[in-house]
Each structure stands twice: as C-alpha cells, then as structure tokens.
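Listed below are the residues making up each chain.
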Amino acid sequence: MKSKWILTGAAAIVLLSSFSFLRIFSHQINFNEEVKPILNKHCMACHGGVKKAGGVSFLFEKDMYDPAKSGKPPVVAGDAEESEMMRRILLPEGHEDKMPKDGPPLSAEEVEILTKWIDQGAKWGNHWAYNRVERPSVPSVGSFWARLGFTDDEETHWAKNEIDHFVLEKLREQQLKPAAEADRATLIRRVSLDLTGLPPTDAQVQRFLKDTSPKAYENLVDSLLASSGYGERWAGMWLDLARYADTKGYERDPGRSIWRYRDWLIKAFNEDKPYDKFVVEQLAGDLLPNPTDAQLIATGFHRNTMNNDEGGTQDEEFRVAAVIDRVNTTWDVFQGTTFGCVQCHSHPYDPFTHEEYYKYVAFFNNTRDEDVTSDTPTLRFYGKEDSVRVVKIGQWIKAHQGQKGMKLPDFQRFARIMEPKVNSHDFDQHVNASLLDAKYFGIQDQGTARWPNVTLTGKNRLLLNIGTNAENALLQLHQDSTKGKVILSLELSKVGDTVMVLPVAPDGGKRSLFWTLHSPKTPKEWVKIKWAAFQEALPGKDEAGFADVEKLYAEILTGGVESTPIMYDGHGDLARTTHVFERGNWTVKGKKVNPDVPNLFKESGAKNASMKNRLDLAQWMTSREHPLTARVAVNRIWEQLFGTGIVETVEDFGSQGITPTHQELLDWLSVELMETHQWSLKKLLKQITLSATYRQSAAVTPEKLAQDPFNKWLSRGPRVRLSAEQIRDQLLATSGLLSHKMYGRSVMPLQPDNIWLSPYDGAKWQLSAGEDRYRRALYIYWKRTAPYPSMVMFDAPSREFCQVRRIRTNTPLQALVTLNDPVYLEAAHCFSEAIAAKYASPQEQIREAYRRLTYQSISPKRLQVLLNLYNKSLANYRKDTGATKKLLANDGNATPELAALTVTANAMLNLDEVVTKP
C-alpha cells in the first residue's frame, strides 16, 4: 500500500511537472509588441479615435468588449471563436462583412497571434512608453569565468560601463561584435564637437596625445563639460525646440527682442541646471514663489510663439493659435508624443481623447499675451534714470506703508510686467469707433464703446495708455450705460502716446463701463487707447509730494525701455473659461472643461491630485512617476551624440513611432538621470561619452555594412554630418576668425545679397562690425521668413514651429554653399594666409591644412588631387590678376599663390571628412 501511494504521488508529481513544463514554454502573446502593431496596421483607420465604424474601436480596452451596432462585442476574452472580430477576419474573400474592409487580408501569422491572444484572455497593456520607468537589471558580459575574474575575454576587456553591457547584449543577438576604440585624434575631435560644438584647438590635441595617464580621456571630457562652449552648443540645439527667432513670423514678420531667453539657456546649460528645474522654469517660472528675473525670462520658451501684426487680423484667433502651439510644443519637446491631432478629434492610435486635449489647453489658456503688437506681457529693464524713479516710488510706498493704498509688491509687479491690464481690443459695441488697423481701439467724435464686466471695488485710479491728434476733445467713462454716472472726464488736445494715471471714483462691484467722445473741433481725428487698468492709488495721497510721485509713476510706464516677452497668468476678471472646440474650430465652443491631464496617466499613478495651473503641470511632468519626461530627454541626448535616437522617431514615442532598439538601456539611463544623477545632464553626457560604445571607431567593414547598414545596433562609432551650426563654427575656428564673445543681441554676419525683402518696414541686413560678424552661429539674427541661408541649406528649420528632429539631407546646394558663400570664402582666405605664413611649398601647405582640419595625415592619393587643383588654380590666377584681387577681396598681400591656396583650402572645407563627425 505504501509503495502504491509513493507511485501515485510520483505520477502526480510527474504530471504536474509536465503541466508546469508546458506552461513555461507556452508563449504568452504580448499585447504591445505583437497585437497592437497588427491593430494599428489593419484596424485603426476605421476603428480608432477618429472613426468608429459600426460602433467598434480598438483604441481603449473597454471599447473592445462593448457590444457594437451589431449587438455583438468585437472580442470575447478567452474565446476567439465567439469573437466577432475573428469571425469577420476569417470570412472568405468577397464576403461583404470581411475585415479589413478595404485593405489586404491579415497574414496567417497575424491571424494566429490574434487568435492566441484572445484565447489567452485578451490581456490589454499600455504602450511601453506610457508605463512607469523602472530600472532594469544590467546584463552580464563575458564568460562565467571572466565574470568571476579568473580569465579575461574580449567582452569584459571592451566594456567601460553599464551602457556597454546593454549594447553587447543586443550585438550578441544580432551576431555582431563591437569595433575597437577610435584613435586619440579622432576621439578628441569627436567628443569636442559633440560637447562644445567646436573642434579642439591644436594645443588641446597635442596635450591629449601626449597624456598617457589612465584618466586622460575622462579629464578631457570633464574639461569640455566645464568650458563655456558647452552651454552655447546645447543652447543652440534647444533653439529649434523653443522655435526661437528674432522676429514674430507670419507675413509681416517684424522684429522681436527676446535674446535674453537665449542667454538664459546658455547659462542654464553651463551651470548644469537640473533638467527638472530647467523644464519647470521654462513652463512655469512666473508661477514660482517670488520668481527671479531669470525665472521669468525662462518662460520665454513659450513666448517664442508667432504673433500676427498684420492689419486686418483678429487678435483672438492668433492668441488661440499661440495657445494651441504651446500645448503641441510641450508634448513634442518634453513628452515625445504627437498630441496636435487631438485638437480636432481623438487620437487615432494612442489613447488620448478630444476632450482631454482641451483640458490640457486649460493649463495655458489664462496667459496674458493676446497677439498685441507690443508683445506684452514683457519683463521691463529700466535704464539709469528710470531706475532712480522706480526706487523713489518704492521708497515712498515703504514710507507710507501703514496707510491705505497700493502695496509694494503690486507696484513692483506692474512696473516690471505691466499686468494686470486690459488690452483695448476687448472693448466692444463700437459706435463711430473701431479697432485701428485691427490692433488698438480708436474712437471719433460722438463715438461710444463698451468696456464689459470690470470689478471696481477698491479702485480709485485708472491707468490709461492713450494718444491723439484731436483738439479740445472730451473723453468720458460712464458706469452702466452711455448716460450713466461719469467716473472720468478727460480733456485731450494733441497728446502723444503716453500713460496717464487718472483719479476715478466708481461705485463698487462688477459692472460694464462705457466710453464716449465729444470732439467737435476735429471730428475725424481718432483718440487711440492701447490699454487700460484700474488700480488702487499709491499710499499717502493726502501727503505733500504725492502728485510728484504719481507723475514719476506715469513717466516710468510711458518711457521706452528694453524688455523681453514672458509668460504671465491672468486672474479674476482676466481669467478665461476653456471650452472644447468642436472639430478643432476655435469659433465653435462646446463643453466647458477644467485643467487636467489624460486619463492614461492617472491609471499609471503619475497624477498630481490638485493640478490647477502650469506650475502644477510642470511639477507633475518632472515627477519620478511620470513615464515620458526622462525617457524623452535621454533619447534626445543620445540622438545628438549618435545621430539617431534609441527611439529613432525622437518626436514620437507613441504606438506609431519606431520601436526602440535598446529599450532597457533607455529605461536604465532614464532612471540614472532621475535618481543617480539627480537630473544632471552633464553627468549623463559624461556617462555616455565615457562608454566604449561611444568611443568605437566609425570604420565599417563590408560584413557590418551588410548586417547593420545604419548602425542600428551600435556595432561601430557614430559618424554623421555635422549640424549647420557646427559646420560654420568649425570653419571660423579653424580659420582663426571665431569670436568667443558670449551673450547679448543677435548679430548679422556676412550673407549673400538680396536675401531680405521686407516690404512692410524696409528692414535690411545690417552687417555687424568687428568681431560680432564672427560670433558663433547661435547668435545669428533669425528672421523666420528669411533665415540665414547657409543654415537653411544644411537643414536648419525656419522656426515658425517647433522642430524636434532635423532630417539630414545631402544636396548639391550644400556644396555650393561651402564653395561660394562669402563667409566660407573669407575663412578660406584667412586660413590660407595662416598656413602660407609657416609653410612654403604647396605640398606642405596642403598637408598642414588637412591636419588642422581633421587631425589626421592626408593620404598620397588625396594629396595629389588637391595639389592638381592648386596647380590648375595657380595657372589661372597668374593669367588673371583681376580674378586674384576679386577672390581675395582686394587684400594688399594678394598673390596668385595665395589665391590658389585659398581655392584649395575652400575645397578642403567641403571634404566629407571635414563636414562629418569622425
């Protein structure tokens, strides 16, 4: 009996073991990796967020189980045979219910995947990028004995840090091996261009080549990260994302002074401002407690939106356009997600609904910029005399702070930002009044207009920005109607554009006010009002000297001062209600909504319970729970160093984006950025550039070219063309022309003639003087309708909108730029002069020029080609002295030899190895 129980137990164990064995090796279908791509490819066009043919959608899990118009649910979890989706997919060709309806049928493999998935329970799953970032285990490298330290092998010897472990694991899967480390000259040029955007100096190269210490390369990386050029290089990259320009865009494209935002960027990168703070200050620096000037300037990120100053436009239309742009840019830059389409309809491929878009819009809808010509709100910077006036007013308020009147913080805010105020385009019910050039309110004799819904309690001063050529005109402001109580009577006679501080005595409460004008002497002259604001008077209004202080207040507000556009929210009467725009049309307002984020993120736990404004939003975006912000930042850094991101579609981490090549590496680095590095981008960059992956030689074998043509698996070093800015800056640096002057207004260096055509204001390209014309590319004046031509030729965007990724092109126009652009010709001239001063023979000159450009020795074959070019050019210039003088800009030292060397150097500046990162 005992042996029988033993046998029975053994049989049971064997049986259970076999079931366990089968379960272990039974493939579980992964929704995100296997099912979602099939649904996106075959189903979503008709059954997604835009269209729900037959009442069926596969965008959200609940929709998949709900009965369709047919009365049957598309999917019955655990039973593929009873699932209507599978029944229709398996119908014979030609059947009217066959799915997909107007597309190719699913493959046998795709049918099998869907069948197994449903039979296994139709388990849903969020797209990988919308799940919380968890730290994956670092793969082991090398053999078992090598990991124990008993032996050494190729993998353990090659790897420098954890990044290499992840890369090696993928290389093994692809049956590839990593490349050897690049030579030192290549490494210093590569890492210098990557970290500072500039080539190394000859002294830096020689010092590095002679340094035999184990930490030589690490010390080099540290020195580059500490250089001022680091901030300029990475700020230059960010300008595309911020759609930075020195003009406002649209047809008129007038100038805009926002260069202080660029200065803030450079300083933020050089100071290694933690990325979470970097994000928060740009999105909501104005909402931080007691924001500094720097934090206000940072919000210029979202004041780079275009402004339409053309006559006849409607301010509200373009205000809304700016708000929409801010929403889409925030998602593109920080979330790596295509959110813009949700403006008009629910997302067709990712789980974001139309209504959720406008809840997100509500975070940005209260900003005070309203497409007005003045670009307000701006942060004002007072000159010496005005600064004295501001101090005097502040001292008066402090001296009388016990008395009733405006508080010091309110005065300081208005003096610096001039908010809150009402722009005059808000006045309505015009009679013999209008918006002049669709910009500012104007009124003529016997005219009236309404100023709706103004809270007047505690307000005894009206600040008015006004101007007119009328004579003996009387402007009045009435309560409740044009015949109501007069709270202001103002006599005007040829008043220049000025700010007046006027006493008023309105009744309290919230009421509408009405303007009237009597101007019989000059009935056709306009009285123009730009803005108005009710305030409490300064304290001490019964004290001697008050009138003088109030006069100073009007003077500082009237005077022209330097300023930079910033974000600033409206409150009270200036707060806005946000509605869903039906089908994205801003004139058709639907349901009212409050600020919120998509439900998808609430499910993942990355949700701040009380999100009311942009600061709440920014802090939520930079929380540890948020799944996208760190991933997107890491991927962008990787793309800048390797030419392609771990997610190639840097702009789209959604289900239609390209699948990451090394997802675990991306997640590991994202956790490193947030936790280990505490959001330090410099530490992240050091970690990546110290890896063996980054240090690999870019040389490619035929085998690797066949197996990994685009270096997707990182089997060799990065070799990509330099950016437009790097090509120009390298040119200036190697020729000795580059200015290292930092910060300040944009400059206008040499460019071909007739690029600018500005019919509205006749603006012309005014060539900068002295070293300003040789400053780095990020300081070049950027006109959206006519960007700097050599930048555009090398794929820089116009910056009308955010561009997350530059797609590199290779066109004949690029060679024409490097061979003919006046900047390149001048640099080649100066470069040649420096070479000719030290070397006599053409062979020596060409060898040295090539070495200075690439830090490599020139091959005999290439030397001969360039020497032939030199000799041919020399013969031509000896025959044509006029051509020599023309090429060398009438240089007193112009000779045929220098002209020939200039042509040769100009050709060398166009060589592939010069315009490509090694």
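Computed from a predicted model, the values in this text were never measured in an experiment. (Residues numbered from 1 in each chain as written. Predicted model: local features only at pLDDT ≥ 70, side-chain atom pairs only at ≥ 80, totals over all residues. Heavy atoms only, no water.)

What follows is about the packing of helix H2 (residues 31-42) against helix H5 (residues 108-119). One way to put it is that H2 packs onto H5 with a least axis distance of 10 Å and a crossing angle of 120 degrees. On the basis of the axis angle, H2 is oblique to H5. Both H2 and H5 take part in a crossing whose hand is left-handed. Residue-level contacts link Phe31, Glu34, Val35, Ile38, Lys41 and His42 of H2 to Glu110, Ile113, Leu114 and Trp117 of H5. (Axes fitted to C-alpha atoms, helices over the stretch in contact; angles between N-to-C directions. Helix = DSSP H or I, 4+ residues; strand = E, 2+ residues; numbered from the N terminus. Parallel < 35°, antiparallel > 145°, perpendicular 65-115°, else oblique. Left-handed = near helix turned anticlockwise from the far one by under 90°. Contact = heavy atoms within 4.5 Å.)

Let's shift gears to the pattern of salt bridges. Side-chain pairs of opposite charge can arise whenever the charged atoms involved come near each other. Applying the stated criterion across every chain, the model contains 67 salt bridges. In this structure, Asp729 and Arg776 form a salt bridge, with 3.2 Å as the shortest nitrogen-oxygen distance. Here Arg776 lies in the loop between helix H28 (724-735) and helix H29 (789-793) and Asp729 lies in helix H28, a separation of 47 residues in the sequence. Overall, Asp729 belongs to the buried group, its relative accessible area being 2%. What makes Arg776 buried here is its relative accessible area of 3%. Through salt bridges with shared partners, a single network forms among Arg368, Glu370, Glu419, Lys421 and Arg576. (Salt bridge = Lys/Arg side-chain N within 4 Å of Asp/Glu carboxyl O. Buried < 20%, exposed > 50% of the residue type's maximum accessible area, 1.4 Å probe, protein only.)

Take the confidence of the model for the chain next. Mean pLDDT over the chain works out to 91, with 95% of the residues at or above the 70 mark. A low-confidence stretch, residues 12-25 (pLDDT under 50), is modelled with 0 contacts involving residues beyond four sequence positions or located in other chains. (pLDDT = per-residue confidence, 0-100.)

Another aspect to go through is helix H20 (residues 546-558). The terminal C-alpha atoms of H20 lie 19 Å apart, and with 13 residues this matches the ideal 18 Å at 1.5 Å per residue to within 8%. Among the residues of H20, Phe546, Val549, Glu550, Leu552, Tyr553, Ala554, Ile556 and Leu557 are the ones counted as buried. On its buried face, H20 is in contact with strand S1 (378-381), helix H18 (384-399), helix H19 (408-417), strand S5 (461-468), strand S8 (495-503) and strand S10 (527-535). (Expected span 1.5 Å × (residues − 1).)

The end-to-end C-alpha distance of helix H23 (residues 629-642) is 20 Å, a good match for the 20 Å that 14 residues give at a rise of 1.5 Å each. Looking one or two places after H23, you find Gly643, whose phi comes out positive at around 90 degrees.

So, about the packing of aromatic side chains. Throughout the structure, instances matching the rule amount to 42 aromatic pairs. Here the aromatic rings of Tyr250 and Phe318 are separated by 5.1 Å at their centres, their planes lie at 75 degrees, and the arrangement is edge-to-face. A residue pair is termed long-range when its members are at least 10 positions apart, and Tyr250 in the loop between helix H12 (228-241) and helix H13 (259-270) and Phe318 in helix H16 (residues 315-335) qualify at 68 residues. Residue Phe318 is classed as buried on the basis of its relative accessible area of 13%. An aromatic cluster is present here, built from Tyr130, Trp331, Phe339, Phe352, Tyr357, Tyr358, Tyr360, Phe363, Phe364, Phe581, Phe601 and Trp620 joined pairwise through their rings. Sitting over the ring of Phe301, Arg243 keeps its end group 5.4 Å from the ring centre. One residue, Arg260, lies across the ring of Phe381, its end atom 4.0 Å from the ring centre. (Phe/Tyr/Trp six-rings, centres within 6.5 Å; stacked < 30°, edge-to-face > 60°. Lys NZ or Arg CZ within 6 Å of the ring centre and 35° of its normal.)

You can see Glu651 is positioned in the loop between H23 and helix H24 (663-676). You can call Glu651 partly exposed: its relative accessible area is 24%. Discounting residues that sit within four places of it in the chain, Glu651 has contacts with Gly336, Thr337, Thr338, Val804 and Arg805. Side chain to side chain, Glu651 and Arg805 meet in a polar contact 3.0 Å long. (Polar contact = N/O pair within 3.5 Å; in protein donor to acceptor, adjacent residues only side chain to side chain.)

Trp238 and Tyr360 are the most contacted members of the largest nonpolar core, which has 125 residues in total. Sort the elements by how many residues they give to this core and H23 lands first, with 8 residues. In terms of nonpolar packing, the next biggest core, distinct from the first, is built from 48 residues, Leu193, Trp756, Ala905 and Met908 among them. (Core = buried A, V, L, I, M, F, W, Y, C linked by side-chain atoms within 4.5 Å.)

Turning to the environment of Glu134, a few remarks are in order. With respect to the helices and strands, Glu134 occurs in the loop between H5 and helix H6 (144-147). Remark: the alpha-carbon pair of Glu134 and Glu664, spanning 530 residues in sequence, is separated by 9.2 Å. Residue contacts for Glu134: discarding those within four places in its chain leaves Asp667 and Val671. At 3.0 Å, the side chain of Glu134 forms a polar contact with the side chain of Arg132.

Another aspect to go through is the side chain of Gln282. Here Gln282 lies in helix H14 (residues 275-284). Side-chain polar atoms of Gln282 contact the side chain of Tyr261, separated by 2.6 Å. In this structure, Gln282 is in contact with Trp238, Tyr261, Trp264, Leu265, Ala298, Thr299 and Phe301, ignoring residues within four places of it in sequence.

All right, on to the pairing of S5 then. In terms of burial, S5 is a largely internal element, 8 of the 8 residues being buried. Sheet analysis places S5 next to S8, joined by 7 bridges and oriented antiparallel. Bridge pairing in S8 places Ile466 opposite Thr498. Pairing analysis gives 8 bridges linking S5 to S10, with the strands arranged antiparallel. (Pairing = 2+ DSSP bridges.)

Okay, unusual backbone geometry next. The residue after Met99, namely Pro100, is reached through a cis peptide bond having omega -5 degrees. Note that Pro100 resides in the loop between helix H4 (84-89) and H5. Along the chain, Glu419 connects to Pro420 via a cis peptide bond; the corresponding omega equals 5 degrees. By secondary structure assignment, the location of Pro420 is in the loop between H19 and strand S2 (422-423). The phi angle at Leu714 is positive, at roughly 60 degrees, despite the residue not being glycine.

Following the sequence through the fold, His47 ends up in the loop between H2 and helix H3 (61-65). Relative accessible area serves as the criterion here: at 12%, His47 is assigned to the buried category. Within the local environment of His47, its side chain forms a polar contact with the backbone oxygen of Ala53, the two atoms lying 3.2 Å apart. Among residues more than four places away in sequence, those in contact with His47 are Ala53, Val56, Ser57, Phe58 and Leu59.

With respect to the helices and strands, the residue Asp325 is situated in helix H16. What makes Asp325 buried here is its relative accessible area of 11%. The sequence separation of Asp325 and Gly340 amounts to 15 residues, and the corresponding C-alpha distance is 8.5 Å. If we skip the residues at most four places from it in the chain, Asp325 touches Arg243, Thr305 and Phe801.

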